[in-house]
Amino acid sequence: MFSFIDEQGCKVDLRFDEGPFEIEPKHVLVLVQKDGKWLCTINKKRGVEFPGGKVEPGETLQEAAVREVYEETAVHITDLKWFAYYVVYDKEPFCKAVFTGKVERIDEFIEEHETLGMTWLTIDELWNQTNLSFYMKDAGMKKMLQEVKNHERQW
């Protein structure tokens, strides 16, 4: 387990296994790479970040991951794989499941209520992004990107 304090001052526990969970995941985050670049969404409020969001009632974590990526970026993904999960000990603690996925195809983006679309960034472009979301700046995100590199898959 990797523990750290996030940008909001909350303790976070990050794990690279599939549980058991002390808190059931109700949020997802998806890491998608293509041609050496990471898929990011441009959130109107938070800035540049990996796609993800809340699981809707009756939806599996995997269904939420696929839906959120599409809604935020117009990218269809396949080959979804479990990668990690983390618990944020906020006022009301929550757990987020992290997946990796492969690009199946990309549709034309039609502006959605919370995003301005998507962008593909190299790791250097990501870390030098001036409009980076707060959660992308913490030690956990750096650890996840290090781990995904250590367990490189065929993107």
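None of the values given here were measured: they were computed from a predicted structure.

Its place among the elements puts Phe 50 in the loop between β5 (47–49) and β6 (52–54). In this structure the C-alpha to C-alpha distance between Phe 50 and Val 69, which are 19 residues apart in sequence, comes to 8.8 Å. Those residues in contact with Phe 50 that sit more than four places away from it in its chain are Leu 29, Val 30, Leu 31, Trp 38, Leu 39, Cys 40, Thr 41, Leu 126, Tyr 135, Met 136, Met 141 and Leu 145.

Counted at 1.5 Å a residue, the expected span for helix α1 (residues 61–73) with its 13 residues is 18 Å, and the 18 Å between its end C-alpha atoms agrees. Leu 61, Ala 64, Ala 65, Arg 67, Glu 68, Val 69, Glu 72 and Thr 73 are the residues of α1 that are buried. The elements touched by buried residues of α1 are β3 (27–34), β4 (37–43), β6, β7 (75–89), β8 (94–106) and β9 (115–121). Directly after α1, the chain includes Ala 74, whose backbone phi takes a positive value near 65 degrees.

A separate point is the pattern of salt bridges. One pass over the structure, following the stated rule, counts 12 salt bridges. Across the salt bridge formed by Glu 147 and Lys 143, the nearest N and O atoms sit 3.4 Å from each other. Taken together, the residues span about one helical turn, with Glu 147 and Lys 143 both in helix α3 (residues 139–150) at a distance of 4 residues. Glu 147 sits in the buried class, given a relative accessible area of 14%. Connected via shared salt-bridge partners are Glu 56, Glu 59, Arg 67, Glu 68 and Glu 71.

Below, the discussion takes up the side chain of Glu 68. Looking at the secondary structure, you find Glu 68 in helix α1. Excluding its chain neighbours within four sequence positions, the residues that come into contact with Glu 68 are Val 28, Gly 52, Gly 53 and Lys 54.

About the cut-offs
- Residues numbered from 1 in each chain as written.
- Predicted model: local features only at pLDDT ≥ 70, side-chain atom pairs only at ≥ 80, totals over all residues.
- Heavy atoms only, no water.
- Helix = DSSP H or I, 4+ residues; strand = E, 2+ residues; numbered from the N terminus.
- Contact = heavy atoms within 4.5 Å.
- Expected span 1.5 Å × (residues − 1).
- Buried < 20%, exposed > 50% of the residue type's maximum accessible area, 1.4 Å probe, protein only.
- Salt bridge = Lys/Arg side-chain N within 4 Å of Asp/Glu carboxyl O.

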